[in-house]
Structure formats: C-alpha cells, structure tokens
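As a plain string of letters, each chain reads:
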Amino acid sequence: MNDTFISWSRQRGVPRLPVERAGGDEFILTDGRRIYDFVSTSFQSSFGHGQPVIVAAVRKQLEEMAIALPKADFSLKRRATERLLKLLEAGPGRIFYTTSGSESVENALKMARRVTGRTHVAARHKSYHGASLGALSVTGDWRRNGHLTLEEYTIRIPEPAADPAAVETRRLIEAAGPNRVAALITETVTGTNGVYIAPPSWWQAIQSFCREHGILLICDEVLTGFGRCGAPFAFQTDGVQPDMVCLSKGISGGYIPFGAVWVAEPVARFFDDEVLSCGLTSYAHPLGLAALDGVLDILESPSFQANLQSLESTFAAGIHQLVTQFHASEVRLRGMLAAIEFGSRALPTWDQLIQDNVHVFTKGNLLILAPPLTSAPARLQQAFANLASALEGSLKSG
C-alpha cells in the first residue's frame, strides 16, 4: 500500500520508481540497475545528482544560517542576486524570490495586474505555466481541466507557427480590448508540450504590439533557463526584451525548491510607493540562495563550458541519429533540449523504457530529451545507443 500521491496521474496502478540513490547522470534502483536520467529528473537537475559544488554551498550555508526572515539583508543574498542580474543581461531590474516555478508565475501575474490595473492575460494554447490556480489559468494544456481557473480573464492566442506575424494574436487582443490586457505570458521555448521555437517574426510582432499597448511581456524560463537552451536564458538567443522573467528548476539544480521573478526596473519602480502584496514564508531562502550561488559558480567554470560545448555537439548528433534511424516526422532542437515526433507511431510508455535503463519524457508519439548539462559526452553517446535499442521494438528502423 502506498501512502503518497503521484502527481498528474490516476493513482490506481500508477508506476513508481524504486530508487535507492542517485549520482551524476543516473538513478540507482533498489535492484542495482542504473537508469540514465535523460530528462534531468523533471527538467530541474541540470547539473546532475550529487553535484559537489552545489552540495558544498548548501552544506556551508546550512551550518551558518539555514533560515532567514524576508526582511533579512545578508551577504549571500546580495551576492547571489547581483550575480543573477548579471547573468540575465536584461537591463536594470529587481528580483522577487519564490520556492517554485508555479509561484514565480503566480507572483509575476499578480504584479502585472497590480502595475497595469488591468485584468486579462494573453497566453498560448500549447503551454504549461504551473499548478497553482493563477498559473493554471494561463496554462493551455490538459492540466488546467477540471479546476475552477480564471478562464474568463485569459485570452487564448494561437501558436507562433500558425501565426508567425502575430496577425491573429493582434486581432484577438484588440477584440478583447488591449486596455484590459495586463500581460502576455509565454514559455520562451515551449517545454513538455513539444519544444516549439517561435520564429523571429513572431517575437518582433509580439514585442511591438505589447509596447504599443502597454502590455507587459512575461517570459517563462522555468524549464529553459540556466544553460538548457544554448545560452544562459532562451530569451537572450531570441533577442527578446521581456518585462518579467520567471525562473525555477535549474536555478538551484533542483537541490532546494527555489525560484525567482526578474522584474524590469520601470515595472519594479511602481512598488516604491505602492504596497507589494506578494509574500512567502521562505522568501529568499538561504539554502536556495546557496544553491543558486553554486549553480552560478558552475556556469562560470571554463571546464563546465568546455564540456557543455562538446555535449551539445554529441546531443545534436544523437538526435539526428534517432531521427534518421526511425524516420521521425519532425524534430525540434535548441541547445540541450529536443523533441522528436514519430508520426502516427506510439512510443513505449515511461515504465517500459525504464526497463531498458533510460528515463525519458514521452507523450503519445512525442519524445522529449533534456539530459544533465554535466554528463560526459561518452556517457551521452551510450545513453543514445540504449535509447535506440529500447525504441527498436515499437518503431522499427525500416
């Protein structure tokens, strides 16, 4: 009998993973089997399991000061924030810390509505922004079903591929009344709904329209941030100038539940004389800040950057091999994040692939891969070979 729930699942018969421990880029099961972590657990363990830099940073902080009140001002808080602002390269701004991606989105939406005095938010159909009520309200996928979301305050806009110049998006927002729209929120690169990458024309049109009507642009980088997509943040590659950026997952490597919202200074300035009615018991938690500090140390390491460059080449080659071998219908790749579609052919289930020693994300004919950024190229090559062998039975090589 199990006494805990499994998220996003019917509880009867849901598969569970009997893990003994984890290390590097793998899980070690209770029977001794080693499972390659091809999606960085739930896309958060970007720097692997048992990462000594992060572990040491958290352990040191645990011994010095493990808990702090939100008003506390201490050197780690100042240092990590300054370093994060520098990495973002988004211009002057301020950070609001959270403990999850959902909370980051939730607080970004609250701020946007408060600053603009408007009620509505535009969001894409193929999207996921978090499990809390406000974040679910702007989520486009099945996870919002069955909940009393704020659907009447959400404007559903088409996917960039179907609206590359944002013509239909403009029409929908103008029909709703731009003066009612506080923000447009989008995953900079779509995550588990398919790794969709918007064309430059879409970004240009969206930014122009938002600026024209005073609509705040919120980039959800919860899954894509901290090196996942070939740059520290995906919006940097796309030349986007957001008003807010939502962060979590890789911000702490998953070692501590942690997140943040970057707010551009012109927006943040509103709260100099108005109450910021956002708060969390564990705001700017010292252990989360320590993990962030460790993550920033890793990202700045020349050896990490050299390995990542080699790893990206290995990853692209492995994706190309799968596409060629199994005649995939479509592939989308950005840095160390990829989605492969296999037409009308269904993939093996998650638990079936676990039997072949690979942990991946599958949904119908869609396979998503996002291995740890610290994996060795040779390890990744072997993982691709194992994955190809696992897929052979259901997809055939033709």
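For the structure itself, consult the block above.
What comes next is a walk through the structure. (Residues numbered from 1 in each chain as written. Predicted model: local features only at pLDDT ≥ 70, side-chain atom pairs only at ≥ 80, totals over all residues. Heavy atoms only, no water.)

1. Observations regarding the packing of aromatic side chains
Now for step 1: All chains considered together, the criterion is met by 14 aromatic pairs.
Now for step 2: Taking 5.0 Å as the distance between ring centres and 55° as the angle between the ring planes, the aromatic pair formed by Phe 96 and Tyr 283 counts as tilted. Of the two residues, Phe 96 sits in strand 4 (residues 93-98) while Tyr 283 sits in the loop between helix 9 (265-268) and helix 10 (286-300), which places them 187 residues apart along the sequence.
Now for step 3: In textbook terms, an aromatic cluster arises when at least three aromatic residues are bridged by ring pairs, as seen for Tyr 36, Phe 38, Phe 315 and Phe 384.
Now for step 4: Seen from the ring of Trp 202, Arg 124 lies directly overhead, with NZ or CZ sitting 5.5 Å from the centre. (Phe/Tyr/Trp six-rings, centres within 6.5 Å; stacked < 30°, edge-to-face > 60°. Helix = DSSP H or I, 4+ residues; strand = E, 2+ residues; numbered from the N terminus. Lys NZ or Arg CZ within 6 Å of the ring centre and 35° of its normal.)

2. Observations regarding unusual backbone geometry
Now for step 1: We note that Phe 43 has phi near 70°; this positive angle belongs to a residue other than glycine.
Now for step 2: Note on placement: Phe 43 falls in helix 1 (residues 40-43).
Now for step 3: The class of Phe 43 is buried, set by a relative accessible area of 7%.
Now for step 4: Here the phi dihedral of Glu 89 falls at roughly 50°; this positive angle occurs in a residue that is not glycine.
Now for step 5: Positionally, Glu 89 belongs in the loop between helix 3 (75-88) and strand 4. (Buried < 20%, exposed > 50% of the residue type's maximum accessible area, 1.4 Å probe, protein only.)

3. Points about the environment of Ala 290
Now for step 1: Along the chain, the position of Ala 290 falls in helix 10.
Now for step 2: Assessed through its relative accessible area of 3%, Ala 290 is described here as buried.
Now for step 3: For the pair formed by Ala 290 and Ile 256, sequence separation is 34 residues and the distance between their alpha carbons is 9.1 Å.
Now for step 4: Once you skip the residues sitting within four places of it in the chain, Ala 290 turns out to touch Ala 57, Val 58, Gln 61 and Leu 76. (Contact = heavy atoms within 4.5 Å.)

4. Quick notes on the pattern of salt bridges
Now for step 1: According to the stated counting rule, one finds 25 salt bridges in the structure shown.
Now for step 2: A salt bridge links Arg 79 to Asp 293; its shortest N-O distance comes to 2.8 Å. Linking Arg 79 in helix 3 with Asp 293 in helix 10, this pair joins segments that are 214 residues apart in sequence.
Now for step 3: On the basis of relative accessible area, Arg 79 is assigned to the partly exposed category, the value being 38%.
Now for step 4: The partner of Arg 124 in a salt bridge is Glu 159, with the nearest N and O atoms 2.8 Å apart. (Salt bridge = Lys/Arg side-chain N within 4 Å of Asp/Glu carboxyl O.)

5. Things to note about the packing of helix 3 against helix 10
Now for step 1: Contact geometry of helix 3 with helix 10 gives a least axis separation of 9 Å together with a crossing angle of 45°. Classified by the angle between their axes, helix 3 and helix 10 sit oblique to one another. As helix 3 runs across helix 10, the sense of the crossing is left-handed. Between helix 3 and helix 10, the residues in contact are Leu 76, Lys 77, Arg 79, Ala 80, Arg 83, Leu 84 and Leu 87 and Pro 286, Leu 289, Ala 290, Leu 292, Asp 293, Leu 296, Asp 297, Leu 299 and Glu 300, respectively.
Now for step 2: Residue composition of the contact of helix 3 with helix 10, grouped by class: 10 nonpolar, no polar and 6 charged. (Axes fitted to C-alpha atoms, helices over the stretch in contact; angles between N-to-C directions. Parallel < 35°, antiparallel > 145°, perpendicular 65-115°, else oblique. Left-handed = near helix turned anticlockwise from the far one by under 90°. Nonpolar A, V, L, I, M, F, W, Y, C, P; charged D, E, K, R; others polar.)

6. Re the state of the cysteines
Now for step 1: Summed over all chains, the structure comprises 0 disulfides.
Now for step 2: Of all cysteine sulfurs in the structure, the one in Cys 219 sits closest to Cys 210, which takes part in no disulfide; the separation is 9.7 Å.
Now for step 3: Free cysteine Cys 219: the closest other cysteine sulfur is in Cys 246, separated by 8.8 Å.
Now for step 4: Classification of Cys 219 by relative accessible area gives buried; the value is 0%. (Disulfide = S-S within 2.5 Å.)

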